[in-house]
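In case you want the letters, here they are:
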Amino acid sequence: MSGRPLLAPGSDDEALTASLFAPVWRPASRGYKRLLGFGLAGTALLGVGLVQLGRVGLSSLSDGGNVAWGVDAVSFTWWVGLAQAGTMLSAGLLLFEQPWRSGIHRAAEAMALFAGGCAVLCGVASTGRPGLDHWLLPFPSAAGLGPQLDSPLSWSAPALISWGAVSLLFGYLGLLPDLATLRDRSPTRAARLCYGVLALGWRGSGRHWAHWKLSYLLLGGLCTALSLGGQAVVAFAFATSQLTGWHSTLLPVCFVAGALCSGAAMLALLLLPASRLLGLGHVITDRHFDALNRLVLATSLVLLYGRAVEAFIAWYSGEPDADALFFHARLAGPYAPVCWTMLLCACGVPQLYWFERARASARVTLAVSLLVSVGVWLDRFVSVVVSLHHDLVASSWTVYLPTWVDACLLLGSLSFFLTSMLLFFKLMPGVAASGVKELKEELAA
Amino acid sequence: MMHWVLGEFAEPRALLGAVRTLRGEHVRVLDTHTPYRVHGLDDALGLPRSPVRWWALAGALLGAAAGWALQLSFVERLPLEGNKPPLSVPLFLPFTLEVMALGAGLAIAAALLLRLWDLPRPYHPAFEHEAFVSSASSSGFWLSVSTGVPEDAERARGRLEALGAKNVAVIVEPEGR
């Protein structure tokens with residue numbers, strides 16, 4: 001891996017500026033417009049789902065069986081995982097001073113931001129009463145009502161708010177030098193005005209850089225802590241309950257591993273076509289995909305370990321209930337196809353990455369990343385739905401089927417994510433130009 | 001009236017050398033403008049370590065205190081479930097830590113914008129120089145000397161040219177800006 005270049009040789013600062021900012025100034029291609037239209041049409045489904053949810057309430061998401069938390073809670077945990085993995089990747093690689101960070105961190109931060117938006121949408125929807133969700137916020141109300149902060153479930157909203165605000169500041173600080181370039185290179189007055197307002201008058205002053213450097217590092221540290229904490233809080237909401245399948249101290253570790261696994265896979269899935277279509281192959285090289293694929297492999301092993309320990313403890317405890325959940329409901333019951341697909345996609349398929357040829361192949365990376373993303377979604381499905389389905393009253397075990405509103409919300413949030421990423425890559429450079437130039441200088445020194 | 005003397009260097013090492021030379025000649029009001037962080041420039045400019053860390057610490061402490069107080073106010077109104085004592089320290093920690101990190105992040109942003117950077121500032125005399133606008137944020141390494149004395153500005157221009165700077169110009173900041 002170390003033999004492969006992080007940057008294609010032969011570009012000077014001016015050439016790098018031209019190539020990295022070219023997608024912003026180039027008129028949108030027909031394919032891009034089609035994809036954007038497709039994304040916008042899909043996003044309309046989100047509106048349909050939310051309107052129906054607001055009109056009917058929770059019964060539009062569940063048939064009244066024991067699975068009250070369905071696909072929206074699954075999607076919420078999956079999107080939160082993607083979002084916080086994006087921040088963990090960007091900020092964590094900064095703290096560990098990894099040189100391959102510069103090629104991918106902008107896309108990781110954008111992914112974090114928009115996946116966070118999708119998580120909020122799915123979280124708001126999963127309560128069933130979007131109009132009353134302001135009660136999730138911890139504020140001292142005159143009525144004396146507030147969230148019960150002794151339940152981890154009520155830590156989710158403040159954890160998301162803190163993580164969102166600090167990672168937005170972190171991403172914006174990183175973007176500032178590139179916004180100044182956009183301002184200075186804008187071909188039209190309107191663009192110059194917009195980017196000029198966003199750039200805050202940045203002129204790359206040595207004094208500003210000195211404060212920037214330390215602030216960026218501090219915010220990176222805070223972001224890493226907040227995203228690890230955020231994943232732990234989401235996992236605690238499950239782990240502190242008495243339900244078999246949720247009540248496990250290993251859950252926070254598995255949530256972090258699952259988040260990083262799907263985050264790295266989603267990033268590869270986004271960057272592979274983007275680098276080809278936007279002509280960024282000289283700054284997002286095979287080495288970046290190799291590193292992301294290694295991360296997918298390592299975290300999938302942690303996921304596999306978590307699932308294996310879960311099954312072992314169920315067997316070793318001798319609890320008939322745990323035994324029934326793990327071996328009858330999951331591996332052989334009505335949800336067996338979901339469980340086996342999950343194990344295959346999230347834990348089995350990434351094992352291909354033991355082979356260097358698989359890590360280097362764009363097609364394999366694309367296919368594995370897609371399957372891993374699906375696999376981690378199904379992992380959340382197994383955690384949330386199968387455990388709820390198999391509660392302590394055997395007569396209430398019904399098979400949960402998502403409703404059309406669930407489908408609208410899932411497809412709508414995926415489309416919203418696609419649309420947001422497409423717009424971001426059109427309006428901002430998808431790779432941090434200032435970081436790449438700094439890396440070039442460091443490699444030359 | 002402030003005079004801004006600007007000169008462009010082709011690469012970071014040339015800029016670093018020029019900054020060290022001018023500081024050796026006791027030119028104090030120096031600044032640089034670079035498209036990315038240049039290692040060693042902080043030391044060459046003689047900048048102290050950024051005080052942003054103290055702001056972050058203050059914000060973190062303030063955030064932690066606010067989070068703690070908010071939880072106490074909740075408990076006062078609505079006792080905790082399960083017969084827990086009103087001051088349940090382990091239970092209070094996660095929320096306190098979240099608000100603490102938020103406080104630190106917001107304090108960093110406030111410090112940069114209100115105190116440490118003179119930003120947002122859409123106008124700066126340097127933006128009057130066309131060559132500066134076209135390269136300072138992408139590929140040029142600029143040095144600026146600011147002075148209120150026109151003769152000093154002319155002397156600085158001569159020194160910058162002698163040190164190998166291109167596109168050297170003296171920008172006079174208009175009155176009232």
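Everything that follows concerns the structure shown earlier in this document.
Just so it is clear, the structure is predicted and the values come from calculations on it, not from any experiment.

Draft legend 1. Up close: the overall build of chain B. Broken down by element type, chain B carries 6 helices and 4 strands. Mapped from its N terminus to its C terminus, chain B presents α and β elements in the order β-α-β-α-α-α-α-β-α-β. Computed over its C-alpha atoms, the radius of gyration of chain B comes to 24 Å, more than 25% above the 16 Å expected for a compact globule of 177 residues. The C-alpha extent of chain B, read off along each of the three principal axes, is 80 × 35 × 30 Å. Considering chain B as a whole, with its 177 residues, one finds that 49% of them fall into the buried category. For chain B, the accessible surface area stands at approximately 8,800 Å², while carbon and sulfur atoms represent 61% of it. Here chain B carries 16 positive and 18 negative side-chain charges, and the mean point of each set is 6 Å from the other.

Draft legend 2. Quick peek at helix H3 (residues 71-95) of chain A. With 25 residues, H3(A) extends 35 Å between its outermost C-alpha atoms, agreeing within 8% with the 36 Å of an ideal straight helix rising 1.5 Å per residue. Among the residues trailing H3(A), A:Glu97 stands out with phi positive, at a value near 50 degrees.

Draft legend 3. Region of the structure containing the interface of chain A and chain B. Taken residue by residue, the interface counts 56 residues in chain A and 59 residues in chain B. Contact between chain A and chain B buries roughly 5,100 Å² in total, counting both sides, with carbon and sulfur atoms accounting for 62%. Contact with chain B buries area across many residues of chain A, yet A:Asp150, A:Arg203 and A:His211 alone supply 14% of it, more than any other trio. The tally of links between chain A and chain B comes to 4 salt bridges. In this structure, B:Arg13 engages A:Glu441 in a salt bridge whose closest nitrogen and oxygen atoms are separated by 3.7 Å. Run the count over chain A and chain B and you get 26 residue pairs in polar contact (both at pLDDT 80 or more).

Draft legend 4. Structural detail: the pattern of salt bridges. Inspection of every chain in the model, using the stated rule, returns 19 salt bridges over all chains. Between A:Lys213 and B:Asp42 there is a salt bridge; the shortest N-O distance is 3.4 Å. On the criterion of chain membership, the pair formed by A:Lys213 in helix H7 (residues 206-239) and B:Asp42 in helix H2 (residues 41-45) is interchain, its members lying in two chains. Looking at A:Lys213, the relative accessible area reads 36%, which means it is partly exposed. The salt bridge involving B:Arg121 is made with B:Glu173; its shortest N-O contact spans 3.7 Å. Of this pair, B:Arg121 sits in the loop between helix H4 (89-116) and helix H5 (130-135) while B:Glu173 sits in the segment after strand E4 (166-172), and the two are 52 residues apart along the sequence. A residue is classified by how much of its surface remains accessible, and B:Arg121, at 24% relative accessible area, is partly exposed. Overlapping salt bridges, with partners in common, bring together A:Arg203, B:Asp118, B:Arg121 and B:Glu173 in one network.

Draft legend 5. Spotlight on the layout of surface pockets. Residues and elements named next belong to chain A. By volume, the largest pocket is sized at about 850 Å³. Considering the residues around the largest pocket, the lining is formed by 29 residues, among which Leu35, Leu270, Pro273, Leu418 and Leu422 are closest to the centre. Counting only elements with at least two residues in the lining of the largest pocket, the list comes to helix H2 (30-56), helix H8 (251-277), helix H13 (362-389) and helix H14 (404-427). When residues of the lining of the largest pocket are assigned to their parent elements, the largest contribution, 8 residues, is made by H14. When its residues are assigned to classes, the lining of the largest pocket shows 24 nonpolar, 3 polar and 2 charged.

Draft legend 6. Structural view of the packing of helix H9 (residues 286-317) of chain A against helix H11 (residues 336-348) of chain A. All names here are of chain A. Axis separation between H9 and H11 bottoms out at 8 Å; the angle between their running directions is 140 degrees. Taken together, the axis directions place H9 and H11 in an arrangement best described as oblique. Contact residues: Ser300, Leu303, Leu304 and Arg307 in H9; Met342, Leu343, Ala346 and Cys347 in H11. Its residues placed into classes, the contact of H9 with H11 shows 6 nonpolar, 1 polar and 1 charged.

What counts as what
- Residues numbered from 1 in each chain as written.
- Chains lettered and ligands numbered in written order.
- Predicted model: local features only at pLDDT ≥ 70, side-chain atom pairs only at ≥ 80, totals over all residues.
- Heavy atoms only, no water.
- Helix = DSSP H or I, 4+ residues; strand = E, 2+ residues; numbered from the N terminus.
- Rg over C-alpha atoms; globule rule 2.2 N^0.38 Å.
- Buried < 20%, exposed > 50% of the residue type's maximum accessible area, 1.4 Å probe, protein only.
- Areas by Shrake-Rupley, 256 points an atom, 1.4 Å probe, with all protein chains shown as cover.
- Lys, Arg positive; Asp, Glu negative; His and termini not counted.
- Charge placed at Lys NZ, Arg CZ, Asp CG, Glu CD.
- Expected span 1.5 Å × (residues − 1).
- Contact = heavy atoms within 4.5 Å.
- Buried area = accessible area lost by both parts, 1.4 Å probe.
- Salt bridge = Lys/Arg side-chain N within 4 Å of Asp/Glu carboxyl O.
- Polar contact = N/O pair within 3.5 Å; in protein donor to acceptor, adjacent residues only side chain to side chain.
- 1 Å grid on protein atoms, 1.4 Å probe; cavity = no way out; pocket = protein on both sides within 12 Å on 5 of 7 lines; lining within 4 Å.
- Points joined across faces, edges and corners; volume = space filled by probe spheres on them.
- Nonpolar A, V, L, I, M, F, W, Y, C, P; charged D, E, K, R; others polar.
- Axes fitted to C-alpha atoms, helices over the stretch in contact; angles between N-to-C directions.
- Parallel < 35°, antiparallel > 145°, perpendicular 65-115°, else oblique.

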